[in-house]
Amino acid sequence: MASKQDPLAFVKDLVSNDNATLLAVGIALGVVLLSVVVLWLVFGRTSRRRRSVLLVGLSDSGKTLMFAQFVYGKEFNSYTSTEENKSSVSFGENGTKQAELIDVPGHERLRNQAIEKHLPSARAVVFVVDSVQFSKEVRNVASILYDVLAHQAVCKNRLPVLIACNKQDTATARSSTLIKQMLEKEITTLRTTRIGTLAATDGSEARVAFLGQKGKDFQFAHLLPVKIEFVECSARQSQSSGLSERATNLDTVRNWLVNHL
């Protein structure tokens with residue numbers, strides 16, 4: 001019976017028989033395959049774990065109604081949430097896209113707690129704006145949006161953010177174009193205050209960063225690779241037949257989610 005060949009001797013035999021090139025190629029392929037596996041384990045699993053979608057915005061912006069439409073497929077009389085609503089939802093054809101939809105409370109303290117808790121594990125953010133009351137609320141809307149966009153989880157994970165301009169079924173609703181312009185102007189002013197706060201607290205607000213490009217007025221385009229998009233929608237199903245073309249219900253939001261899950 002032939003004796004087993006010593007592994008070290010086998011390797012030396014390969015080299016001595018002009019197979020060094022073949023051996024090197026084999027080692028290189030092994031390293032590449034190992035790297036692919038490691039990257040998949042680190043980033044693939046992390047991406048799959050980040051499956052929640054956060055609905056964020058002021059109270060009465062329509063977040064809870066939007067949540068109900070996606071989860072239950074119908075409206076119900078909403079109220080100011082004192083705790084987060086959470087449910088698994090299927091999107092896309094045949095429900096192939098799964099997400100955990102989280103309706104973040106509108107109350108400031110509860111909202112901040114929920115954002116800190118869920119944003120690091122989020123896959124996307126839908127920021128809901130009341131298009132009818134926006135002119136009165138622009139400062140508060142911009143402040144909350146600033147906190148979300150400047151959060152280290154958004155920057156690190158490059159979370160896509162959708163600004164859902166809600167209540168477009170109302171004739172007095174502001175367009176998404178105007179809302180975008182007003183937010184950019186307000187954030188330009190707001191970030192000066194935030195920089196002062198950052199310096200005064202000596203790093204205690206380290207998660208709030210300078211948004212945009214220094215020396216230039218703020219533009220959402222400056223946040224790339226974090227992509228910010230705007231759509232017009234209406235969480236309330238209107239019975240009127242004379243709606244403007246801007247009243248697109250929730251199809252725009254639903255389509256965006258399908259593309260980002």
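From a predicted model like this one, the values you see are computed outputs, not experimental measurements.

**Overview of the environment of phenylalanine 220**
At step 1: Considering the arrangement of structural elements, one finds phenylalanine 220 in the loop between α7 (176-200) and β6 (228-232).
At step 2: In this structure, the C-alpha to C-alpha distance between phenylalanine 220 and leucine 183, residues 37 residues apart in sequence, is 9.2 Å.

**Section: the sheet that holds strand β5 (residues 161-166)**
At step 1: On the basis of which strands lie adjacent, the open sheet formed by six strands has the order β2-β3-β1-β4-β5-β6 and mixed pairing. Edge strands, defined here as strands with exactly one partner in the open sheet, are β2 (85-91) and β6. Mean inter-strand twist for the sheet, computed between neighbouring axes without regard to direction, equals 25°.
At step 2: Relative to β6, β5 runs parallel, the two sharing five bridges. By the bridge assignment, cysteine 165 is partnered in β6 with glutamate 232.
At step 3: Sitting on the sheet, helix α3 (residues 63-72) is in contact with β1 (52-57), β2, β3 (97-103), β4 (122-130) and β5, with an inclination near 45° to β2.

**Comments concerning the packing of aromatic side chains**
At step 1: Taken as a whole and judged by the stated rule, the model has three aromatic pairs.
At step 2: Ring centres 5.4 Å apart and planes at 75° place the aromatic pair phenylalanine 70 and phenylalanine 91 in the edge-to-face group. Placement of the pair is phenylalanine 70 in helix α3 and phenylalanine 91 in strand β2, with a sequence separation of 21 residues. With respect to burial, phenylalanine 70 and phenylalanine 91 carry one shared label: buried.
At step 3: When the centroid spacing of 5.1 Å and the interplanar angle of 80° are considered together, the rings of phenylalanine 218 and phenylalanine 220 count as edge-to-face.
At step 4: On the basis of relative accessibility, which here comes to 2%, the residue phenylalanine 218 falls in the buried class.
At step 5: Taken together through their ring pairs, the aromatic side chains of Phe218, Phe220 and Phe230 make up a single cluster.

**As for the pattern of salt bridges**
At step 1: Summed over all chains, the structure comprises six salt bridges.
At step 2: Between aspartate 103 and lysine 63 there is a salt bridge whose closest N-O contact spans 3.1 Å. Taken together, the residues span a long stretch of sequence, with aspartate 103 in strand β3 and lysine 63 in helix α3 at a distance of 40 residues. You'll find aspartate 103 and lysine 63 in the same group, each marked buried.
At step 3: Linking lysine 167 and aspartate 130 is a salt bridge whose minimum nitrogen-to-oxygen distance equals 2.9 Å. Highlighted residues: lysine 167 in the loop between β5 and α7 and aspartate 130 in strand β4, separated in sequence by 37 residues.
At step 4: What makes aspartate 130 buried here is its relative accessible area of 6%.
At step 5: Put simply, Glu84, Lys86 and Lys117 are held in one network by salt bridges that share partners.

Scoring rules and cut-offs
Residues numbered from 1 in each chain as written. Predicted model: local features only at pLDDT ≥ 70, side-chain atom pairs only at ≥ 80, totals over all residues. Heavy atoms only, no water. Helix = DSSP H or I, 4+ residues; strand = E, 2+ residues; numbered from the N terminus. Pairing = 2+ DSSP bridges. Axes fitted to C-alpha atoms, helices over the stretch in contact; angles between N-to-C directions. Contact = heavy atoms within 4.5 Å. Phe/Tyr/Trp six-rings, centres within 6.5 Å; stacked < 30°, edge-to-face > 60°. Buried < 20%, exposed > 50% of the residue type's maximum accessible area, 1.4 Å probe, protein only. Salt bridge = Lys/Arg side-chain N within 4 Å of Asp/Glu carboxyl O.

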